[in-house]
Structures are given as structure tokens and as C-alpha cells.
Amino acid sequence: MTHIHLPDSAPFGTLLGYAPGGVAAYSSDYETASDSEYSKRSAYRYYVDGIYMGYKWQCVEFARRWMYLNKGYIFDDVAMAYEIFNLRSVRDIASNSRLPLFAFANGCKRHPEPGSLLIWAEGGEFEETGHVAVITEVFTDKLRIAEQNEGHRIWPVGQSFSRELVATTTEEGEYWLQCSYHDATILGWMTQTDNDQY
């Protein structure tokens, strides 16, 4: 994913903050990555407990690592972040079994919940790749997320999220999220639990 190097961007690999569950988020400002340490693409591959998480420090790597460390399962490999929205199961590592994964479109009546994955479409700010973040807190008028590969800024002390998104809840109960970038589109959220009333 290509991003503009911002003046307040932290160098590649800098600890930005900790998401709920104590999961670290790191800067993925690739322009500042060490050419000697990362001389080939394979050097960016990152593993936890021998399980492949993704490329340092992409948004997909963070989402998969957060899910594994907090819940013990991972989603399948994807070429681009937006493809996560098409997945319908995750793999429980301990039992090596499949668990269902449900997708809910932005604006639906099934509100997101902490621990859900938020998925962006390809295009605009997230050209070609889309984006994924972990939802940390949900309110009627806003939502907080934790992520990598967006902004590369260190989070304020004591803050367990990277940014807030404006939310609107309609009288009919629809939950609409507004992206921080005018040219990016939120597809919706992914969660482990279904609810028949929606």
C-alpha cells in the first residue's frame, strides 16, 4: 500500500501503541525501512508461534495477529485487505477447525461490536488494497479502531485506538460509518456471531 510520508510519521517498526488485549501496533512507513535489514521481500514476513501473520507492518498483519492473540483463530491469507469481506470462516488454531465468519454491510441494522473487523473497499486512499482495522469501541455516534498502515503516528499515551470514525444511527436502527477520507468507502464489518433478527 502506498502512502505519503507525513512529517509526524514514526519510522518503520516504531511502536505506535497497544490495542485491547495488549496487541502492539507498529509503523509501516516503508520509506524509512532499513535497506540492509530488509534487503529482500521475504524479510518482511512475520510469524507468531510459527504461524504466518502477514507482512510487517501491514493492516492485514495487524488484524490477523490481533485475532490470533485475542481469540486463538486466524482468517485465511488474502492478496488484498478488501478480500477479507468475502471470507465466511476462520481457522481455530488449537482445534484446527473452521468457525463461521459473518459480513455485515455498512448501513445495516446489525451494529458492529468490539473485536469485529472493519473492512474498506479498494480505491481512493486505499487504492488497490482496501484496508482492515479492528473495532475497539462502539457508540451510537462514533466508533474507535486500532490498525496499522494508516498515518504511522504514535498514539497518545493511554489511548488504545488509532482513530475515531463518525457514526450515524438512523431512527430505523441502521448504523452508518463515515470514513475519515472522502475518497474511501467502508464496506462493512466482520464478526464471529450471527443474529437472526437481522
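Residues numbered from 1 in each chain as written. Predicted model: local features only at pLDDT ≥ 70, side-chain atom pairs only at ≥ 80, totals over all residues. Heavy atoms only, no water.

Draft legend 1. Looking closely at the packing of aromatic side chains. Under the criterion given, the structure shown has twelve aromatic pairs. Between Phe12 and Tyr44, the aromatic rings sit 5.7 Å apart at their centres with planes inclined by 85°, giving edge-to-face as the arrangement. Taken as a pair, Phe12 in the segment before β1 (15–19) and Tyr44 in the loop between β2 (23–26) and β3 (45–48) lie far apart in primary sequence, 32 residues in all. Overall, Phe12 belongs to the buried group, its relative accessible area being 12%. Classification of Tyr44 by relative accessible area gives buried; the value is 13%. Above the plane of the ring of Tyr55 lies Arg41, whose end atom (NZ or CZ) is 4.3 Å from the centre. Its guanidinium or amino end placed over the ring of Phe139, Lys142 lies 5.0 Å from that ring's centre, counting from NZ or CZ. (Phe/Tyr/Trp six-rings, centres within 6.5 Å; stacked < 30°, edge-to-face > 60°. Helix = DSSP H or I, 4+ residues; strand = E, 2+ residues; numbered from the N terminus. Buried < 20%, exposed > 50% of the residue type's maximum accessible area, 1.4 Å probe, protein only. Lys NZ or Arg CZ within 6 Å of the ring centre and 35° of its normal.)

Draft legend 2. A look at the pairing of strand β10 (residues 131–138). Summarising burial for β10: six of the eight residues are buried, a large majority. In this sheet, β10 lies alongside strand β9 (residues 117–120) in antiparallel orientation, the contact comprising four bridges. Paired with Trp120 across the two strands is His131, which belongs to β10. (Pairing = 2+ DSSP bridges.)

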